[in-house]
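Per-entry structural report
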Amino acid sequence: MNPNAKLYKPSLAAAAIAAALLAPAAQAGPTIQFGDQGSLTVTYALQAWARQQNFSADNVKDENDLYLRRNRLTFSGQMNDMVGFYAQLEGGGNPEADKEVFFRDAYVTVDYSDEVRFIVGEFKNTFSRENLEACLEPLTLDRSELLAYTPFGGTRDTGVAVWGNLLDAKLQYRFMVAEGRDSDAKPDDSFRYTARVHYSFLDPEFNYGYLGTYLGTAKVFTIGAAYDHQSDIAYANYPMRADREDYKAWTVDAFFEYPTESGVYTVSGAYFKYDSGGIHDKSPDAGYPLNADMKGYYLKAGYMLPNKVGPGRLQLFARHDKADYGIETGTREYYDRTMNTIGANYYLDGQKLKLSLEYADVNFDDDHPTVAALQDYSQVILGFQFIF
């Protein structure tokens, strides 16, 4: 099964809530039944973006790109009531990415009970809320470019997770053991361990994944926290193969959305702290990621008008991101930056057919004197989304 789509088995008191929370799910496509319990659902999703970037650096031309940010074919279903599967092919990416088709996700789920569920394969790591928010059902155009992706494994990792819902799905726990950093430069071949918990004060968020907005179909207030760890991740003195360092990280987050007669109001935010012992001020291996000692936060807010505007619904949004990489070059910190974004979503058929427009302004604490990519820039993106 797709853990973003399957309901927990609610008590009678929570049944109405469960039905309401299923409503905004963007999963669609034809379903083929096999016997009494088996099924296969095929879903196609496309995000096409037109992006214009304007750079402050002299002698650097502005860029205009048309590309498929996401281009996905998904096969999901059930072998029986307990065992499910999810396999997703990806053929999109950023303009500079290879256009190869590959498996973005490939995993099997085992639902022993509402309180004890398992996922085995390659799937979303369970650290940050924003990474776990469905990229086809966000509030803003996309996730944070900097904070939501962990240094090792990016958005996905290969491993096994146990998770479940308690207290009528108000309380959710997760624990994941994964590959983490896979490099010959590591001092030792250790596993990555991630734990996450959240509590929902209003309607429960009972799926493995979250949504960036429920489009006014639920009243949600959820707070969460997570911890991430992998030992012996790198040598601080790689040339001498000395001074082993561990990786650890933590995050806290909150999400609030409330529909009223005057419209739907959404607010969310998170703080992140990644820690590898300040390794970039030492001599790590060349492949060690720049964000391994980063800290920062994001704030997002949205407002959906109460009535239709023409044939669709209009939602306005804004976000603020701040990232501190903890890397100094002399007295300068060339990687630290602030990103401010405003935009709008226009829903013609919920998340299944949507237009988005976003303007972002990126300011570096210290502009790099020669590297254009580390100097201030702005961008405008027009996005189109289709899901079947």
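Residues numbered from 1 in each chain as written. Predicted model: local features only at pLDDT ≥ 70, side-chain atom pairs only at ≥ 80, totals over all residues. Heavy atoms only, no water.

A few words now on the side chain of T41. Here T41 lies in strand β2 (residues 38-55). Engagement of the side chain of T41 in a polar contact is seen with the side chain of T31, the distance being 2.7 Å. (Helix = DSSP H or I, 4+ residues; strand = E, 2+ residues; numbered from the N terminus. Polar contact = N/O pair within 3.5 Å; in protein donor to acceptor, adjacent residues only side chain to side chain.)

So, about the pattern of salt bridges. Pairing between side chains of opposite charge can happen when their charged atoms approach one another. Taken as a whole, this structure holds 24 salt bridges when the rule is applied. Its salt-bridge partner being E205, residue R129 comes within 2.9 Å of it at the nearest N-O pair. Pair noted here: R129 is in helix α2 (residues 129-132) and E205 is in the loop between β9 (192-200) and β10 (220-237), with a separation of 76 residues, a long-range link. By the burial criterion, R129 is buried, and E205 matches it. Taken together, the shared-partner salt bridges in this structure form one network comprising R129, E130, E133, E205, K300, R319 and D321. (Salt bridge = Lys/Arg side-chain N within 4 Å of Asp/Glu carboxyl O. Buried < 20%, exposed > 50% of the residue type's maximum accessible area, 1.4 Å probe, protein only.)

Before going further, it helps to spend a moment on the pairing of strand β17 (residues 377-387). Summarising the sheet, β2 and β17 pair through eleven bridges and their orientation is antiparallel. The residue bridging N54 from the neighbouring strand is S378, located in β17. (Pairing = 2+ DSSP bridges.)

Of all hydrophobic cores here, the largest spans 21 residues; its most connected members are L147, F272, Y274 and Y288. Taken together, the elements giving at least two residues each to this core come down to β10, β11 (242-260) and β12 (263-275). Broken down by element, this core gets its largest block of residues, four residues, from β10. In contact with F272, other than residues within four places in its own chain, are F127, S128, L147, A148, W250, T251, M294, K295, G296 and Y298. Counting residues in each nonpolar core, the second largest holds eleven residues, with Y86, W163, M176 and A178 among its members. (Core = buried A, V, L, I, M, F, W, Y, C linked by side-chain atoms within 4.5 Å. Contact = heavy atoms within 4.5 Å.)

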